[in-house]
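Chain by chain, the residues:
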Amino acid sequence: MRDLIVIGGGPGGYVAALRAAQLGMQVTLVEKDNLGGTCLNRGCVPTKAYYQSAQLLRSLGQMTEFGISVAGSNFDLQTTWARKERIVRQLVEGISGLLVANRVEVITGEASLSSPQQVRVGDQLIDAKRILIATGSSCSQLPIPGADLPCVVNSDQLLAQTTLPDRLVIIGGGVIGLEFASIFQAFGSQVTVLEYMPDLLSGVDKEISKRLRVFLKRQGIEIFTGARVERIEGNGNQVTVWASTAKDTISAEADTVLIATGRRPYTANLNLGAVGVATTPQGFIVTNGDFQTTVPSIYAIGDVIGGAMLAHVASEEGRVAVERMVGHDSKVAYHAIPAVIFTTPEVATVGLSEEGAKEQGIDYRVGKLQFAANSKAITMGETEGLVKVLTTTEGTVIGAHIIGPHAADLIAAATLAVKERLTAEQITTTIHAHPTLSEAWLEALLDTEKRAINLMPKRGAQ
Ligand code: NAI
């Protein structure tokens, strides 16, 4: 009997399979589609390929300032789409190669549970001491009239399209909605975002999400918050999206409507109930601290168990789950999960927001550094945004929130600080190279003690 069957080859499942193989387990991975899951095929990676085109297009507008003249530039979605497809293929092949090299058996097909130690794939029955479910999530539907019209799409479908929408209405101002808004606005679509909550990116530090809203509006994206979308009317490729706000009814014309109102756990055809694997009322698989479900030989990780539905969380849960199976005392550092949002400018956050710290009754200090005061950002011509840091009154870093150039990369240092509960002093006595964006992080930390060097002095400096 093999040691482990992993169901799902996304960033949760394939990382778990590879780590299990490294630990000496005999592993089979079952995947019904391409390896790499949503992240690689329909999520993080293809959107970042588009994001790069969007960034380049935006920089064209700045070229003359840099002394470069570009005549006759043109954007072609078909070429961008083909580049995205090549990147995805290359990375899928990479995962396949890694699985082969680590002697993980890969079965293509849809798995369902037959018993606590048995999985059916087509007419094949395979068994293992343990089974790990990593089936992820899928786009949720919006139960409103008109949601089934042909020009109403989810993020998977919009990424598959090779024609550019003229007027794109996005329902949902969360992570997916805003990444697509930013990308398609740069591509040339006229974009409107309708968000139900009072702020964009609920859960993100409010100062950061408010700043982002200003930047996105300045780029020409139309944004309505507190807007509950009620129906989509029309036919063919000309529709009207109707929403109600506290004051009135608003409407937006579109030829494409993107629904980006969240994702739900994907457990279709797994046969969970029949083998006794419990789920929450929302459909997430219930697990304990070892990632065991209510059937002890069956484990689950990633989006399908809920929490932060992020690729890197799924991968980490995959690693920790299989290490715990062989007796390691591995843990997921849930208090330090970085989240990165590829809008222009980028947003990245880790740890507690200011609102979160208040809610938990924590006395905190705030330090900030605007990128306009960072020499590298000035040379790059990307001075929008800031680094904001929260520490306890004793100086322990508890949160960091960045909006600005390369925020997604800069958050790594802050994540380490939050995870290891480093103090501002430990970081500010570490030399940061000049001139770099990382100095903004350093100076924001210094600002928690009112001693940033490149900021005008504040009262109470020590
Ligand atoms: P989300 O939960 O982040 O945002 C959905 C938004 O839609 C919410 O703000 C919600 O208030 C709004 N909404 C819901 N119903 C609505 C209605 N009827 N009218 C108007 N607004 C409505 O979900 P999203 O953006 O779909 O992302 C799903 C998951 O994928 C998230 O967990 C996200 O973290 C993850 N993801 C992460 C990325 C990253 O890390 N860069 C990229 C893309 C997705």
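Residues numbered from 1 in each chain as written. Predicted model: local features only at pLDDT ≥ 70, side-chain atom pairs only at ≥ 80, totals over all residues. Heavy atoms only, no water.

1. Describing the overall build of the chain
1) Next: The number of helices and strands found in the chain is 14 helices and 22 strands.
2) Next: For a compact globule of 462 residues, the expected C-alpha radius of gyration is about 23 Å, and the chain comes in at 24 Å, within 12% of that figure.
3) Next: Across the 462 residues that make up the chain, the buried fraction comes to 50%.
4) Next: When the accessible surface of the chain is summed, it comes to about 21100 Å², and 51% of that surface belongs to carbon and sulfur atoms.
5) Next: Here the chain holds 40 positive side-chain charges and 46 negative ones, and the gap between their average locations is 2 Å. (Helix = DSSP H or I, 4+ residues; strand = E, 2+ residues; numbered from the N terminus. Rg over C-alpha atoms; globule rule 2.2 N^0.38 Å. Buried < 20%, exposed > 50% of the residue type's maximum accessible area, 1.4 Å probe, protein only. Areas by Shrake-Rupley, 256 points an atom, 1.4 Å probe, with all protein chains shown as cover. Lys, Arg positive; Asp, Glu negative; His and termini not counted. Charge placed at Lys NZ, Arg CZ, Asp CG, Glu CD.)

2. Comments concerning the site of the ligand
1) Next: The full set close to the ligand counts 20 residues, and Ile176, Glu179, Glu195, Gly262 and Val340 are the nearest of them.
2) Next: One of the side-chain N or O atoms of glutamate 195 is found 2.6 Å from an oxygen atom in the ligand.
3) Next: Glycine 262 has a polar backbone atom sitting 2.9 Å from an oxygen atom of the ligand.
4) Next: Protein contact buries 78% of the 850 Å² of open area that the ligand shows by itself.
5) Next: Top element by residues in the shell around the ligand is helix H6 (residues 175-187). It accounts for three residues.
6) Next: A breakdown of the residues in the shell around the ligand according to their chemical character gives 13 nonpolar, four polar and three charged. (Near = heavy atom within 4 Å. Polar contact = N/O pair within 3.5 Å; in protein donor to acceptor, adjacent residues only side chain to side chain. Nonpolar A, V, L, I, M, F, W, Y, C, P; charged D, E, K, R; others polar.)

3. So, the domain arrangement of the chain
1) Next: What the domain assignment reports for the chain is domain 1 (2-139 + 264-332), domain 2 (152-261) and domain 3 (336-448).
2) Next: Distance between the C-alpha centres of domain 1 and domain 2: 27 Å.
3) Next: Every contact between the two is made by 18 residues of domain 1 and, on the other side, 18 residues of domain 2.
4) Next: Between domain 1 and domain 2, the buried area comes to about 1500 Å², and carbon and sulfur atoms account for 67% of it.
5) Next: Interface area lost by domain 1 to domain 2 is led by Arg58, Leu77 and Cys139, which between them contribute 35%. (Domains from an automatic or database assignment. Contact = heavy atoms within 4.5 Å. Buried area = accessible area lost by both parts, 1.4 Å probe.)

4. Points about the sheet that holds strand S11 (residues 222-224)
1) Next: With respect to topology, five strands assemble into an open sheet ordered S8-S15-S9-S10-S11, the strand pairing being parallel. Looking at which strands have only one partner, the edges of the open sheet turn out to be strand S8 (152-153) and S11.
2) Next: Relative to strand S15 (residues 256-259), S8 runs parallel, the two sharing two bridges. Each residue of the ladder has a partner; that of valine 152, found in S15, is valine 257. (Pairing = 2+ DSSP bridges.)

5. Re the packing of helix H3 (residues 44-60) against helix H4 (residues 77-101)
1) Next: It is the contact of H3 with H4, at a shortest axis distance of 9 Å, that shows an interaxial angle of 140°. One element, H3, and the other, H4, form an angle in the oblique class. The chirality of how H3 crosses H4 is right-handed. Seen from H3, the contacting residues are Val45, Pro46, Ala49, Tyr50, Gln52 and Ser53; seen from H4, they are Leu77, Thr80, Trp81, Arg83, Lys84, Ile87, Val88 and Leu91.
2) Next: Classifying every residue of the contact of H3 with H4 gives nine nonpolar, three polar and two charged. (Axes fitted to C-alpha atoms, helices over the stretch in contact; angles between N-to-C directions. Parallel < 35°, antiparallel > 145°, perpendicular 65-115°, else oblique. Left-handed = near helix turned anticlockwise from the far one by under 90°.)

6. With respect to the sheet that holds strand S14 (residues 249-254)
1) Next: One open sheet holds the three strands; their spatial order is S12-S13-S14, and the pairing between them is antiparallel. Of all the strands in the sheet, just strand S12 (228-235) and S14 have a single pairing partner and so form its edges. Across this sheet, the average inter-strand angle for adjacent strands is 20°, counted without regard to direction.

7. A short note on helix H14 (residues 438-447)
Note that an α-helix has 3.6 residues per turn; residues three or four places apart therefore point the same way.
1) Next: Most of H14 sits inside the fold, with nine of its ten residues counted as buried.
2) Next: Among the residues of H14, those classed as buried are Glu439, Ala440, Trp441, Leu442, Glu443, Ala444, Leu445, Leu446 and Asp447.
3) Next: On the buried face of H14, the contacting elements are strand S20 (364-370), strand S21 (386-392), strand S22 (397-404), helix H12 (407-419) and helix H13 (424-428).

8. Quick notes on unusual backbone geometry
1) Next: With an omega of -5°, the peptide bond between threonine 344 and proline 345 qualifies as cis.
2) Next: With respect to the element layout, proline 345 can be found in the loop between strand S18 (339-341) and strand S19 (346-351).
3) Next: Histidine 434 connects to proline 435 through a cis peptide bond whose omega is -5°.
4) Next: Positionally, proline 435 belongs in the loop between H13 and H14.
5) Next: Backbone geometry places asparagine 271, a non-glycine residue, at a positive phi of 70°.
6) Next: Examined against the element boundaries, asparagine 271 turns out to sit in the loop between strand S16 (263-265) and helix H8 (272-275).
7) Next: For asparagine 271, a relative accessible area of 38% translates into the label partly exposed.
8) Next: Here arginine 421, not a glycine, exhibits a phi torsion of approximately 50°, which is positive.
9) Next: With respect to the secondary-structure elements, arginine 421 resides in the loop between H12 and H13.

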